[in-house]
Amino acid sequence: MKAIRRFTVRPVLPEPLRPLSDLARNLRWSWHAETRDLFQSVDPDCWAASGGDPVRLLGSVPPARLAELAEDRRFLRRLATVADDLHDYVTGDRWYQARPGELPAAVAYFSPEFGITAALPQYSGGLGILAGDHLKAASDLGAPLIGVGLLYRHGYFRQTLSRDGWQQEHYPVLDPNELPLALLKEPDGTPAQVTIALPGGRSLRARVWLAQVGRVPLLLLDSDIEENDLGERGVTDRLYGGGSEHRLLQEMLLGIGGVRAVRTYCRLTGHPEPEVFHTNEGHAGFLGLERIAELCSAGLEFDAALEAVRAGTVFTTHTPVPAGIDRFDRELVARHFGPGAELPAIDVHRILQLGMETYPGGEPNLFNMAVMGLRLAQRANGVSLLHGRVSREMFSGLWPGFDPEEVPITSVTNGVHAPTWVAPEVFRLGARQIGAQRTEDALTIGGSDRWDAVADIPDQDIWELRRGLREQLVTEVRERLRVAWRQRGAGTAELGWIDGVLDPDVLTIGFARRVPSYKRLTLMLRDRDRLMELLLHPERPVQIVVAGKAHPADDGGKRLIQELVRFADDPRVRHRIVFLPDYGMAMAQKLYPGCDIWLNNPLRPLEACGTSGMKAALNGCLNLSVLDGWWDEWFQPDFGWAIPTADGSATDVDRRDDIEAAALYDLLERRITPRFYERGQGGLPDRWIEMVRQTLTLLGPKVLAGRMVGEYVDRLYAPAARAHRAMDPDSARELAEWKARVRAAWHGVTVDHVETSATAATAELGTTLTLRVRVGLGELAPDDVEVQAVSGRVDSEDRIADVSAVPLKPAGGPDLEGGWVYEGPLSLDRTGPFGYTVRILPAHRLLASGTELGLVAMPSDELGEGAGVLMR
């Protein structure tokens with residue numbers, strides 16, 4: 001029989017056990033081993049059955065056991081210690097509070113997904129895991145973030161396989177009352193709500209659920225409430241589901257509703273209002289529109305409000321390809337804004353202008369969420385050095401006249417939250433070496449000095465640790481494989497072979513991630529005979545554990561999974577290669593530590609960063625990867641291997657895959673497997689252990705989310721907060737009016753004449769020349785511009801690289817024709833072909849950079865022929 005209604009019946013904890021409820025509701029337990037150990041001791045069987053979820057655990061423990069624990073003085077002492085530790089963690093000063101200077105009172109961090117713990121399945125892949133790690137690291141550092149996302153009633157899908165290896169999707173319904181969440185409530189006890197206006201007089205309402213992530217509140221908006229019609233109830237049904245209008249409504253709720261939820265939360269709790277708003281990818285870009293509307297309703301004009309909003313906004317792009325960005329038909333967007341819809345006080349055309357691809361190569365009928373994100377943010381970044389370069393190239397059309405290197409998009413390389421991803425055994429080994437507190441500091445704050453102690457850990461201890469983790473993975477894989485085969489329809493009698501799957505003494509390779517085509521799940525299958533030889537080598541075998549989900553609408557990705565599964569089903573190799581369905585955080589936390597090699601072979605440069613290899617590295621797993629994302633930045637032969645790439649434009653895709661797969665096999669056959677199986681005088685693989693040691697000491701401090709959040713604070717949040725404070729209403733109006741005046745007058749800005757004191761085509765290193773330039777400023781004044789000498793090495797076509805820009809000073813003017821003379825020194829500070837040019841940029845004290853307006857005046861081609869290249 002099926003119930004017609006479902007309730008969540010919460011246990012009534014005895015008074016001495018009440019702190020357990022607070023501990024369960026703060027997600028710090030997901031990365032704090034002592035708290036998890038405490039919950040496990042409540043009832044080990046119930047803990048295992050709950051999947052390590054304290055809320056589910058407390059709902060299933062028999063009352064008799066709770067009564068027993070309420071009288072257990074030893075347990076109550078442990079409970080008091082852990083509860084006190086959480087209180088100190090949440091209220092005490094941390095890294096952020098000790099930073100000099102005026103830092104933001106609060107930062108609002110918006111993301112469409114958050115991967116905090118498997119017990120709160122609101123993530124699909126790297127973007128969500130990164131967002132979760134960002135909040136956890138901010139909590140550890142004491143940074144005052146407020147997270148904002150959506151609560152998906154089906155989360156992302158659960159994955160199983162059919163008998164023939166085809167991905168099957170399942171969408172279990174999540175009851176928020178059974179999750180580690182609490183409703184945000186008004187003083188009268190009613191649930192707090194936000195409302196979005198829809199066309200035709202309809203409304204989209206959402207409740208706000210609160211997840212406490214250590215010190216950081218995470219607000220999750222939920223539209224599945226009785227006040228909504230059926231269509232609106234389904235807006236937050238599943239992550240990345242539905243058609244264009246469904247996605248647009250999700251993103252309006254996230255951005256516009258999210259700002260309203262933040263205002264409500266701050267009103268109800270007294271939390272400081274955010275001075276900085278951080279948009280994690282374009283999905284939340286509409287938050288800028290809501291903030292403009294707030295300022296307009298307070299009396300500011302649109303252009304001034306735009307400047308005020310931009311000053312305090314940070315935008316992070318995560319995609320290296322235009323196809324990865326959400327784009328909507330302009331008519332669809334226009335229908336949802338303006339009179340009779342949302343933000344009626346703002347002219348719809350002004351909204352559309354923010355997102356339209358009005359640049360060469362753009363599609364002018366499409367509204368681009370990343371373009372809007374960039375136009376609404378004064379500061380933007382990619383997520384690795386290489387991705388920063390790719391992003392500057394990809395979005396350079398927004399800054400015409402500038403070389404891609406000068407596009408104002410910086411980079412902050414991603415990191416991972418070590419306390420979440422480091423195996424307890426690794427932590428214990430560190431604690432034995434340098435103490436628990438120093439180990440905890442090493443994993444959260446970083447600092448190479450704290451990691452140098454790894455050098456003193458004996459080889460034997462490192463090797464025993466690695467073998468023990470590999471053995472745990474073998475056990476985990478066999479258990480998951482049994483479940484997977486039963487789901488595929490196999491009977492118990494068919495599954496005896498699973499007892500022999502994997503070997504704790506065989507070199508183990510891991511490959512687990514989402515399955516879009518560019519990540520090349522099946523590159524390892526390019527030459528199946530060669531792969532079989534590697535798997536079945538009599539002295540140096542390898543074994544491979546693979547996991548990953550394809551997007552439900554991506555049949556190409558599903559075919560890749562099926563191809564790999566069918567290979568792994570072959571009785572000849574199924575003990576050496578496995579595909580585990582339903583990849584998620586719980587599986588990942590076992591997989592990373594248990595592998596010896598983490599494999600990554602995307603098409604370069606399509607991996608923006610990629611963080612799975614970082615999590616593996618923190619557990620002493622070595623990386624074998626294409627030089628893409630973070631590996632391009634930090635690879636050293638001391639601690640891993642780089643797969644050579646064939647990314648020349650003349651190489652077709654099939655040929656490229658053949659070349660790179662062959663390089664992968666060569667590395668495994670000739671360099672990796674010999675090193676793993678080679679034994680030194682003490683019977684240990686000395687050279688392999690040394691690479692593990694180098695991975696921990698050299699990579700460990702770099703890959704931390706604590707390092708990443710620290711960079712965001714110093715390089716983006718703090719400058720954004722200063723700009724926000726400087727942008728009072730009068731300053732915002734001043735800047736908006738100045739920009740309008742400069743744009744209108746820029747056609748009159750010219751470089752008319754350039755001369756230098758150089759008398760020959762060659763000069764000696766260290767020489768300083770005098771540069772004299774005559775410019776026309778039209779209706780502008782010298783205070784409105786900066787005239788620069790730009791110099792550096794030149795190539796065969798006289799393009800300047802390694803650019804150095806030096807301001808020139810006014811030396812006279814205006815003359816009878818309205819011209820101004822500027823002068824300044826030009827230092828010849830490098831040998832070889834050297835050239836210079838002159839340019840004029842807009843200049844104002846409130847600009848973040850001279851490139852901000854995308855305006856520049858350069859010498860004409862005719863003028864450039866007479867001056868510019870000094871040495872060849």
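Reading the values: rules and limits
Residues numbered from 1 in each chain as written. Predicted model: local features only at pLDDT ≥ 70, side-chain atom pairs only at ≥ 80, totals over all residues. Heavy atoms only, no water. Phe/Tyr/Trp six-rings, centres within 6.5 Å; stacked < 30°, edge-to-face > 60°. Helix = DSSP H or I, 4+ residues; strand = E, 2+ residues; numbered from the N terminus. Buried < 20%, exposed > 50% of the residue type's maximum accessible area, 1.4 Å probe, protein only. Lys NZ or Arg CZ within 6 Å of the ring centre and 35° of its normal. Pairing = 2+ DSSP bridges. Salt bridge = Lys/Arg side-chain N within 4 Å of Asp/Glu carboxyl O. Axes fitted to C-alpha atoms, helices over the stretch in contact; angles between N-to-C directions. Parallel < 35°, antiparallel > 145°, perpendicular 65-115°, else oblique. Left-handed = near helix turned anticlockwise from the far one by under 90°. Contact = heavy atoms within 4.5 Å. Patch = residues over 30% accessible without salt bridge, like charges linked within 9 Å, V, L, I, M, F, W, Y side chains within 5 Å. Areas by Shrake-Rupley, 256 points an atom, 1.4 Å probe, with all protein chains shown as cover. Lys, Arg positive; Asp, Glu negative; His and termini not counted. Charge placed at Lys NZ, Arg CZ, Asp CG, Glu CD. pLDDT = per-residue confidence, 0-100. Core = buried A, V, L, I, M, F, W, Y, C linked by side-chain atoms within 4.5 Å. Expected span 1.5 Å × (residues − 1). Bend = angle between axes of the 7 residues up to and from the residue. Disulfide = S-S within 2.5 Å.

A. Structural detail: the packing of aromatic side chains. Using the criterion set out here, one finds 19 aromatic pairs in the structure. Residues Phe676 and Trp688 carry aromatic rings whose centres are separated by 5.1 Å and whose planes lie at 85 degrees to one another, so their mutual orientation is edge-to-face. Within this pair, whereas Phe676 is found in helix 26 (residues 653-677), its partner Trp688 is found in helix 27 (residues 686-699), the two being separated by 12 residues in sequence. Owing to a relative accessible area of 1%, Phe676 belongs among the buried residues under this scheme. Positioned over the ring face of Tyr89 is Arg28, at 4.1 Å from the centre of the ring.

B. Just unusual backbone geometry, in detail. In this structure, Pro605 follows Arg604 across a cis peptide bond, with omega equal to 5 degrees. One can find Pro605 in the loop between strand 18 (597-600) and helix 24 (612-617). We note that Asp582 has phi near 65 degrees; this positive angle belongs to a residue other than glycine. You can see Asp582 is positioned in the loop between strand 17 (577-580) and helix 23 (585-594). Taking relative accessible area as the criterion, Asp582 reaches 18% and is therefore assigned buried.

C. Structural detail: the pairing of strand 8 (residues 216-222). Here strand 8 lies mainly inside the structure; seven of its seven residues are buried. The alternating pattern of strand 8 places Val216, Leu218, Leu220 and Asp222 and Pro217, Leu219 and Leu221 on opposite faces, both of which are buried. In terms of strand pairing, strand 2 (residues 145-150) meets strand 8 through four bridges, oriented parallel. Along strand 8, the bridge assignment pairs Gly147 with Leu218. Of the pairings in the sheet, the one linking strand 7 (residues 203-213) to strand 8 comprises seven bridges and is antiparallel in character. Across the sheet, Val208 pairs through a bridge with Leu221, a residue of strand 8. A loop of two residues connects strand 7 with strand 8, the two strands running antiparallel in sequence, and Gly214 in this loop sits at a positive phi of about 65 degrees.

D. Highlighting the pattern of salt bridges. Under the criterion given, the structure shown has 71 salt bridges. For Asp461, the salt bridge goes to Arg432, with nearest N and O atoms at 3.6 Å. Here Asp461, found in helix 20 (residues 459-487), pairs with Arg432, found in helix 17 (residues 424-434); they are 29 residues apart in sequence, far enough to count as distant. Between Glu607 and Lys519 there is a salt bridge whose closest N-O contact spans 2.7 Å. Here Lys519 lies in the loop between strand 15 (507-512) and helix 21 (528-535) and Glu607 lies in the loop between strand 18 and helix 24, a separation of 88 residues in the sequence. A relative accessible area of 7% means that Lys519 is categorised as buried. Each of Arg520, Arg526, Asp654, Arg656, Asp657, Asp658 and Glu660 takes part in one network of salt bridges that share partners.

E. Up close: the packing of helix 9 (residues 244-269) against helix 10 (residues 287-297). At a minimum axis distance of 6 Å, the contact between helix 9 and helix 10 shows a crossing angle of 55 degrees. On the basis of their axis angle, the class for helix 9 and helix 10 is oblique. Note on packing geometry: the crossing formed by helix 9 with helix 10 is right-handed. Taken together, the residues of helix 10 that come into contact with helix 9 (itself represented by Gly255, Ile256, Val259, Arg260 and Arg263) are Leu287, Glu290, Arg291 and Glu294.

F. View of a positive patch on the surface. A surface patch of positive charge is lined by Arg73, Arg74, Arg77 and Arg78. Inspection of the secondary structure puts Arg77 in helix 6 (residues 73-91). Assessed through its relative accessible area of 54%, Arg77 is described here as exposed.

G. Quick peek at the sheet that holds strand 21 (residues 750-756). The four strands are arranged 21-22-26-25 in an open sheet whose pairing can be described as antiparallel. At either margin of the open sheet sits one strand with a lone partner, and together these are strand 21 and strand 25 (809-812). If you compare each strand with its neighbour and ignore which way they point, the axes differ by 30 degrees on average. As defined by bridge partners, strand 25 adjoins strand 26 (residues 819-827) across three bridges and the pair is classed as antiparallel. In the sheet register, Gly812 faces strand 26, and the bridge partner there is Val821.

H. Geometry of the confidence of the model for the chain. Of the residues in the chain, 97% reach a pLDDT of 70 or more, and the chain-wide mean stands at 93. In the model, residues 865-872 has pLDDT below 50 throughout and makes 30 contacts with residues more than four positions away in sequence or in other chains.

I. Focus on helix 18 (residues 436-444). Burial in helix 18 covers these residues: Thr439, Ala442, Leu443 and Thr444. Those residues of helix 18 that are buried lie in contact with helix 7 (126-141), helix 16 (418-421), helix 17, helix 19 (448-451) and helix 28 (705-726). Just beyond helix 18, the residue with positive phi is Gly446, at close to 85 degrees.

J. View of the nonpolar core. Grouped together as the largest cluster of nonpolar side chains are 107 residues, with contacts concentrated most on Met524, Ile597, Leu624, Trp641, Ile672 and Trp688. Of all hydrophobic cores here, the second largest spans 98 residues; its members include Tyr152, Tyr156, Ala192 and Phe286.

K. Local environment of the pairing of strand 2. Of all six residues making up strand 2, six are buried, and the element is well covered by its neighbours. Note: strand 1 (residues 107-110) against strand 2, four bridges, orientation parallel. Along strand 2, the bridge assignment pairs Ala108 with Ile146.

L. Spatial organisation of the sheet that holds strand 20 (residues 640-643). Read from one edge of the open sheet, six strands run 17-16-15-18-19-20, paired in parallel fashion. Two strands in the sheet have a free side with no partner beyond their single neighbour: strand 17 and strand 20. Along the sheet, successive strands turn relative to each other by an average axial angle of 20 degrees, direction set aside. Sheet analysis places strand 16 (residues 542-547) next to strand 17, joined by four bridges and oriented parallel. Residue pairing in the sheet places Ala547 in a bridge with Leu580 of strand 17. Packed onto the sheet, helix 21 meets strand 16 and strand 17 and runs at close to 115 degrees relative to strand 16. Contacting strand 16 and strand 17, helix 22 (residues 555-568) runs over the sheet at an angle of about 135 degrees to strand 17.

M. How the structure looks around the environment of Ala553. By the element assignment, Ala553 lies in the loop between strand 16 and helix 22. Taking relative accessible area as the criterion, Ala553 reaches 65% and is therefore assigned exposed.

N. Quick peek at the side chain of Thr508. Its place among the elements puts Thr508 in strand 15. Apart from residues no more than four positions distant in its own chain, Thr508 is found in contact with Arg470, Leu473, Gln543, Val545, Gly594, Cys595, Asp596 and Ile597.

O. Region of interest: helix 9. Here helix 9 is 26 residues long and its end C-alpha atoms lie 36 Å apart, about the 38 Å a rise of 1.5 Å per residue gives. Bending of helix 9 peaks at approximately 35 degrees at the position of Gly257. Where burial is concerned, most of helix 9 is hidden: 19 out of the 26 residues are buried. Immediately beyond the C-terminal end of helix 9, within one or two residues, lies Gly270, with a positive phi of roughly 80 degrees.

P. The environment of Arg389, seen in detail. Within the secondary structure, Arg389 sits in helix 15 (residues 385-394). Through-space distance from the C-alpha of Arg389 to that of Glu405 is 7.1 Å; in sequence the pair is 16 residues apart.

Q. Representation of the state of the cysteines within the structure. One pass over the structure, following the stated rule, counts zero disulfides. Cys621 provides the cysteine sulfur closest to Cys609, a residue in no disulfide bond, and the two sulfurs are 16 Å apart. Overall, the relative accessible area of 3% leaves Cys609 in the buried class.

R. Quick look at the side chain of Thr851. With respect to the secondary-structure elements, Thr851 resides in the loop between strand 27 (834-842) and helix 30 (861-866). Apart from residues lying up to four places away in sequence, Thr851 is in contact with Trp399, Phe402, Glu406 and Pro408.

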